[in-house]
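# An overview of the molecular structure
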Amino acid sequence: MTLPSAKPAFPTGIYGITAEKFSAGRTNIEVVRTMIAGGIRLIQYREKRPAKSFAEMLTECRTIRTLTREAGVLFIVNDYPDLALLVDADGVHVGQDDFPVPEVRRLLGPDKLIGLSTHEPAQAAAAVAAGADYLGVGPIFSTQTKEDVCAPVGLEYLDHVVRTCPLPFVVIGGIKEHNIGEVVARGATTVSLITEIVAAADIAATVRRLQAACLAPINA
């Protein structure tokens, strides 16, 4: 008898991502607390070496895992499957040059979410075939948040994913409060805004406004 998977469902709404160097002097923990207070349902921890050691990242992730679990918020770790495994995160998000999805699945097991960043139709199709649970779609617009980011893929790639991809997805890259309506109008139901949230004077209020904008078509 095959037991049903305990894998969590991928939520709609705002997909929060930590970015301490853009957080106006606040720590990742402070930002996570206020994002949760604003009603966010999914948070990704994104830090890169050598900015932080693995020991520092492990300590932060253990605290964030406690905060998210208490609040019923999904917790995803960017890039590091081993870190996700150590803190019992709900999943991991990897890029095109990171460990392949099937290998990450072997490490994390069947009950964790695996997201894969994609930038073109061929990558989206390959992500589905590899067993990813959701896609990252972007960067939609120009962004300076990531140093190694590719050129913007534009709204046309988003249109392709909406039409053809059977998996849930998060749109990312250069999305702000003034243009979130453009991606939502084209079918995006999960949206990531990084500096717009972590650099905000009032993070919780910003999350509430963005969440309402993202879910407006669903609630209409």
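Further up the page is the structure itself.
The following paragraphs examine the structure supplied in this document. (Residues numbered from 1 in each chain as written. Predicted model: local features only at pLDDT ≥ 70, side-chain atom pairs only at ≥ 80, totals over all residues. Heavy atoms only, no water.)

### Structural notes on the overall build of the protein chain
What counts, and what does not: Counting from the N terminus, the helices are the DSSP runs of H or I reaching at least four residues and the strands are the DSSP runs of E reaching at least two. To get the radius of gyration, use the C-alpha atoms; to get the globule rule, take the number of residues to the power 0.38 and multiply by 2.2 Å. Here the term buried applies to any residue with accessible area under 20% of the maximum for its type, exposed to any over 50%, and partly exposed to those in between, with areas from a 1.4 Å probe on protein chains only. For every accessible area listed, the method is Shrake-Rupley and the probe measures 1.4 Å; residues are considered covered only by the protein chains on display.
Counting secondary structure elements, the protein chain contains nine helices and eight strands. Its C-alpha radius of gyration of 16 Å places the protein chain within 12% of the 17 Å reference for a compact globule of 220 residues. Each principal axis of the C-alpha atoms in the protein chain carries an extent, and together these give about 45 × 40 × 35 Å. Sorting the 220 residues of the protein chain into buried and exposed places 53% on the buried side. Roughly 10200 Å² of accessible area belongs to the protein chain as shown, and the carbon and sulfur atoms make up 56% of that amount.

### Section: the pattern of salt bridges
Here is the rule we go by: Any carboxyl oxygen of Asp or Glu that lies within 4 Å of a side-chain nitrogen of Lys or Arg is treated as forming a salt bridge with it.
Tallying each qualifying case throughout the model produces eleven salt bridges. Taking the shortest distance from any N to any O, the salt bridge between aspartate 133 and arginine 105 comes out at 2.7 Å. Of this pair, aspartate 133 sits in the loop between helix H5 (121-130) and strand S6 (134-137) while arginine 105 sits in helix H4 (residues 101-108), placing them 28 residues apart in sequence. Both residues of the pair, aspartate 133 and arginine 105, belong to the buried class. The salt bridge partner of arginine 186 is aspartate 159, with a shortest N-O separation of 2.7 Å. Of this pair, arginine 186 sits in the loop between helix H7 (180-185) and strand S8 (190-191) while aspartate 159 sits in helix H6 (residues 154-164), and the two are 27 residues apart along the sequence. Each member of the salt-bridge network shares a partner with another, and the members are Lys7, Arg105 and Asp133.

### A look at the side chain of aspartate 133
Heads up, the rule is: A 3.5 Å cut-off defines polar contacts: any pair of N or O atoms within that distance qualifies, except that in protein one atom must be a possible hydrogen donor and the other a possible acceptor, and neighbouring residues in sequence count only when both atoms are side-chain atoms. A contact between two residues is defined here by any heavy atoms of the two lying within 4.5 Å.
Overall, the relative accessible area of 14% leaves aspartate 133 in the buried class. In this structure the side chain of aspartate 133 is engaged in a polar contact, spanning 2.7 Å, whose partner is the side chain of lysine 7. At 2.8 Å, the side chain of aspartate 133 and the backbone nitrogen of isoleucine 114 are in polar contact. Beyond its immediate chain neighbours, meaning those up to four positions away, aspartate 133 contacts Lys7, Arg105, Lys112, Leu113, Ile114, Leu167 and Pro168.

### Some remarks on the packing of aromatic side chains
Spelled out, the test is: Pairing of aromatic side chains requires ring centres within 6.5 Å, counting the rings of Phe and Tyr and the six-membered ring of Trp. Pairs whose planes differ by under 30 degrees are stacked, by over 60 edge-to-face, and all others tilted.
Summed over the entire model, instances satisfying the criterion amount to four aromatic pairs. A ring pair is formed by phenylalanine 10 and tyrosine 15, whose centres lie 6.3 Å apart and whose planes are at 50 degrees; its orientation type is tilted. Ring plane angle 55 degrees and centroid distance 6.1 Å describe the contact between tyrosine 15 and tyrosine 134, whose orientation is recorded as tilted. Of this pair, tyrosine 15 sits in strand S1 (residues 13-17) while tyrosine 134 sits in strand S6, placing them 119 residues apart in sequence. As far as burial versus exposure is concerned, tyrosine 15 and tyrosine 134 are alike and both buried. An aromatic cluster is defined as three or more aromatic residues linked by ring pairs; in this entry it consists of Phe10, Tyr15 and Tyr134.

### Some thoughts on H6
Because the α-helix completes a turn every 3.6 residues, residues three or four places apart line up on one side. Considered for burial, the residues of H6 that qualify are Gly154, Leu155, Tyr157, Leu158, Asp159 and Val161. Looking at the buried residues of H6, the elements they touch are strand S5 (113-118), H5, S6, strand S7 (169-171) and H7.

### Points about the nonpolar core
Applied cut-off: As used here, the term nonpolar core means buried Ala, Val, Leu, Ile, Met, Phe, Trp, Tyr and Cys residues forming a set that is joined through side-chain atoms within 4.5 Å.
Counting residues in each nonpolar core, the largest one holds 70 residues, and the members touching the most others are Ile140, Val171, Ile180, Val183 and Val191. Ignoring sequence-local partners within four residues, the contact set of isoleucine 140 consists of Pro152, Val153, Gly154, Leu155, Leu158, Val171, Ile172, Gly173, Ile175 and Val183.

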